[in-house]
Amino acid sequence: LSFLVDRKKTKLGIRKGIIMFAKIFPSLLSVIILVSIALYLVPQPVLLKYLGSASGVSGYFFAGLLGSIALIPGFIAYPLAGLLVKSGISYPIIGMFITTLMMVGIVTLPLEARFFSWRVALLRNFLSFFGAVIVGLLIGLFWGLI
């Protein structure tokens, strides 16, 4: 449809998209390789012990902690979540991990505090973590109903 409306802009957009993808691809590939190696090196029973369905509340805690510390962009986080699901990690735990990954930033907290104050940065991160717990619990509640 875009091509029919304005061929020149469409071609320019496609060209820019290809260039952006080419710039992102090396980092995307390297992170996926590193994550794959890490998943290979960590035995599946250990992964399931700390993040599996039987891990209970501690699984949510570890997923939230990992998500809060990790600096992984969304375009890498979602394929990673898919790998974790295939490894046997439950959807509620993945929900907690992804939500904290996107919303909580322990590593970036000093930078955030510099712009917004420590009080605001801590409150935002606390509320985001609390929201991630709710998201994980709701996924668990509704996933059990499906």
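Note: the structure precedes this text.
Residues numbered from 1 in each chain as written. Predicted model: local features only at pLDDT ≥ 70, side-chain atom pairs only at ≥ 80, totals over all residues. Heavy atoms only, no water.

### Thoughts on the pattern of salt bridges
Here's step 1: Inspection of every chain in the model, using the stated rule, returns one salt bridge.
Here's step 2: Note that Glu112 and Arg124 form a salt bridge whose closest N and O atoms lie 2.6 Å from each other. Here the residue Glu112 occupies a position in helix H7 (residues 109–116), and Arg124 occupies one in helix H8 (residues 118–145), the gap between them amounting to 12 residues.
Here's step 3: The exposure class of Arg124 is partly exposed, given its relative accessible area of 33%. (Salt bridge = Lys/Arg side-chain N within 4 Å of Asp/Glu carboxyl O. Helix = DSSP H or I, 4+ residues; strand = E, 2+ residues; numbered from the N terminus. Buried < 20%, exposed > 50% of the residue type's maximum accessible area, 1.4 Å probe, protein only.)

### Some points on the environment of Lys49
Here's step 1: Take Lys49: it is sitting in helix H3 (residues 44–51).
Here's step 2: Taking C-alpha positions, Lys49 is 8.2 Å from Gly59, a pair spaced 10 residues apart along the chain.

### Description of the packing of aromatic side chains
Here's step 1: Scanning the model with the defined rule gives four aromatic pairs in all.
Here's step 2: Pairing Phe21 with Phe25 gives two aromatic rings, centres 5.6 Å apart and planes at 45°, and the pair type is tilted. Residue Phe21 and its partner Phe25 are both found in helix H2 (residues 7–41); the two are separated by four residues, about one turn of the helix.
Here's step 3: What links up through ring pairs into an aromatic cluster is the set Tyr50, Phe61 and Phe62. (Phe/Tyr/Trp six-rings, centres within 6.5 Å; stacked < 30°, edge-to-face > 60°.)

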